[in-house]
Amino acid sequence: MARAGITADRLVAAAAELADEAGFEHVTLSALARRFGVKDASLYSHVRNLADLRARLALYAGGELIDRIAAAVAGRAGRDALTAFADAYRAYAREHPGRYAATQIRIDQSLIADSPALRRTAEITYGMLRAYGLSEPDLTDAVRLLRSTFHGYCVLESAGGFGADRAVDASWGKGVEALHRALEHWPREAQA
């Protein structure tokens, strides 16, 4: 019987709140048990272990992030879609730092294959990039460029890593414009 109204979904939602409040690294089964007023052992009927909880949190947060991105890019293409995608990504990272950190962990490949959110992430991201005329293997390379650029910027910004007088938003806009130009003039790999 579930104690304190705990379900796996409620546990993951509480983990998401805790991640944003205290940081992803502070999401533990003990901390969540305290939130629900139960002993740690009570949570093991809902999750296998801490790694399972964090993987579920990563999938939960990834779903939230792609829902936000999908809404932003709907009906857009090219520069407009890229800008909407980038801005939605950055806004999520700023508003939900702990959840965003969860989206960066490595997840077991079997969980990824079964995740509608991660499939949707690939569909939306690759769909946006196909508007630039890209196909494999260039699509994968472009996805890696976007992810590393967006992630690096968000991490540096959250850590206060930009000390110059220039407005951070202005640099973000220039960076997204530079990505757009790079995608327009992508050095395409010769097709076999």
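*Asks:* Can you lay out the packing of helix 3 (residues 50-73) against helix 4 (residues 78-95) for me, pointing to particular residues and giving the numbers?
*Replies:* The axes of two packed helices give the description: the angle between them and the distance between them. It is at 8 Å that the axes of helix 3 and helix 4 come closest, and there the two elements cross at 145°. Crossing of helix 3 over helix 4 shows right-handed handedness. Contacts between helix 3 and helix 4 involve Ala-61, Glu-64, Leu-65, Arg-68, Ile-69, Ala-72 and Val-73 from the first element and Ala-81, Ala-84, Phe-85, Ala-88, Tyr-89, Ala-91, Tyr-92 and Glu-95 from the second.

*Asks:* Outline the packing of aromatic side chains, listing residues and values.
*Replies:* As enumerated under the stated definition, the model contains six aromatic pairs in all. Relative to Trp-172, the ring of Phe-150 lies with its centre 5.8 Å away and its plane at 45°, an arrangement referred to as tilted. Pair noted here: Phe-150 is in helix 8 (residues 138-158) and Trp-172 is in helix 9 (residues 168-184), with a separation of 22 residues, a long-range link. Assigned by exposure class, Phe-150 and Trp-172 land together as buried. Here the guanidinium or amino end of Arg-54 rests over the ring plane of Phe-24, the centre of that ring lying 5.0 Å away.

*Asks:* Could you give an account of the side chain of Thr-125, with specific residues and numbers?
*Replies:* With respect to the secondary-structure elements, Thr-125 resides in helix 7 (residues 116-130). Thr-125 sits in the buried class, given a relative accessible area of 9%. In terms of polar contacts, Thr-125 uses its side chain to reach the backbone carbonyl oxygen of Thr-121, at 2.8 Å. Those residues in contact with Thr-125 that lie beyond four places of it in its chain are Phe-85 and Val-143.

Cut-offs and rules
- Residues numbered from 1 in each chain as written.
- Predicted model: local features only at pLDDT ≥ 70, side-chain atom pairs only at ≥ 80, totals over all residues.
- Heavy atoms only, no water.
- Axes fitted to C-alpha atoms, helices over the stretch in contact; angles between N-to-C directions.
- Helix = DSSP H or I, 4+ residues; strand = E, 2+ residues; numbered from the N terminus.
- Left-handed = near helix turned anticlockwise from the far one by under 90°.
- Contact = heavy atoms within 4.5 Å.
- Phe/Tyr/Trp six-rings, centres within 6.5 Å; stacked < 30°, edge-to-face > 60°.
- Buried < 20%, exposed > 50% of the residue type's maximum accessible area, 1.4 Å probe, protein only.
- Lys NZ or Arg CZ within 6 Å of the ring centre and 35° of its normal.
- Polar contact = N/O pair within 3.5 Å; in protein donor to acceptor, adjacent residues only side chain to side chain.

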